[in-house]
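Reading the structure
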Amino acid sequence: LFYIQKIAHLLRKRSKSGKTCEMDIEILYEYFDLWYTNSNWSLIFNMALDMRSLVIVLDGIDEGSTLRGSIQNFICDILVPAGIRVICTSRPEGINKKKFQDDNFTIVDL
């Protein structure tokens, strides 16, 4: 489970340290290393991500504020083409539905 607000925190931290602020797969490794420090879970996650044998849950896409567009691009242009399965949560008004209207996505209203 990846909280978008925590990913935004990592991106801001990257920006302050002079690293790229763009979202890439490395942000998932950084997230897990930061929030699961000193844990075997980090190693297990890294292995599962490398093998593309996990489902990533991104919670709160609508809470990404100014990063919302970058987050949606990250999902559509990086994660899905890499073969990573993703479940995203958002309020209906929090996403660009046109971006998620191809055969790779199913939108479910709860």
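Residues numbered from 1 in each chain as written. Predicted model: local features only at pLDDT ≥ 70, side-chain atom pairs only at ≥ 80, totals over all residues. Heavy atoms only, no water.

**Observations regarding the pattern of salt bridges**
Operational definition: The working definition used for a salt bridge is a side-chain nitrogen of Lys or Arg within 4 Å of a carboxyl oxygen of Asp or Glu. The numbering of helices and of strands both runs from the N terminus, where a helix is a DSSP run of H or I of at least 4 residues and a strand a run of E of at least 2. Accessible area is worked out with a 1.4 Å probe on protein chains only. A residue is then buried under 20% of its type maximum, exposed over 50%, and partly exposed in between.
Enumeration according to the criterion identifies one salt bridge in this entry. The salt bridge partner of Asp62 is Arg91, with a shortest N-O separation of 2.5 Å. With Asp62 in the loop between β2 (55–59) and α4 (68–79) and Arg91 in the segment after β3 (85–89), this residue pair connects regions lying 29 residues apart in the sequence. On the basis of relative accessibility, which here comes to 12%, the residue Asp62 falls in the buried class. Residue classification places Arg91 among the partly exposed positions, given a relative accessible area of 48%.

**With respect to the packing of aromatic side chains**
Formally: Aromatic contacts are taken between Phe, Tyr and Trp rings whose centres are within 6.5 Å, Trp giving its six-membered ring; a plane angle under 30 degrees counts as stacked, one over 60 as edge-to-face, and the others as tilted. Remark: a charge is flagged as sitting over a ring if the NZ atom of Lys or the CZ atom of Arg is within 6 Å of the ring centre and within 35 degrees of the ring normal.
In this structure the tally under the stated criterion is eight aromatic pairs. Pairing Tyr29 with Phe45 gives two aromatic rings, centres 6.3 Å apart and planes at 70°, and the pair type is edge-to-face. You can see Tyr29 sitting in helix α2 (residues 26–35) and its partner Phe45 sitting in helix α3 (residues 40–51), a full 16 residues away along the chain. In terms of burial, Tyr29 and Phe45 fall into one category: buried. The buried category is assigned to Phe45, whose relative accessible area is 5%. Cluster of aromatic residues (ring-pair linked, three or more members): Phe2, Tyr29, Tyr31, Phe32, Trp35, Tyr36 and Phe45. Here the basic side chain of Lys6 rests over the ring of Trp35, its NZ or CZ set 4.2 Å away from the ring centre.

**Digging into the nonpolar core**
Put simply, the test is: For the purposes of this section, nonpolar cores are sets of buried Ala, Val, Leu, Ile, Met, Phe, Trp, Tyr and Cys residues that join through side-chain atoms within 4.5 Å. Contacts between residues were defined by any pair of non-hydrogen atoms, one from each residue, lying within 4.5 Å.
Core analysis: the biggest nonpolar cluster contains 29 residues, and Phe2, Ile7, Leu28 and Leu49 have the highest contact counts within it. Contributing elements (two or more residues each) for this core: α1 (4–16), α2, α3, β2 and α4. Those residues in contact with Leu28 that lie beyond four places of it in its chain are Phe2, Phe45, Leu49, Ile56, Phe74 and Leu79.

**A word on the pairing of β3**
This is how the line gets drawn: By definition, two strands form a pair when at least two bridges between them are found by DSSP. By definition, the crossover connecting two strands over a helix is right-handed if that path, from the first strand to the second, turns clockwise as seen with the strands pointing away from the viewer.
Looking at chain direction, β2 and β3 are connected through five bridges and run parallel. Bridge pairing in β3 links Val57 to Ile87. In this fold, β2 hands off to α4, which returns the chain to β3; that crossover is right-handed.

**Section: α2**
Note on helix geometry: an α-helix contains 3.6 residues per turn, so any two residues three or four positions apart are oriented the same way. Along α2, the residues classified as buried are Ile27, Leu28, Tyr29, Tyr31 and Phe32. Against the buried residues of α2 lie β1 (2–3), α1, α3, β2 and α4.

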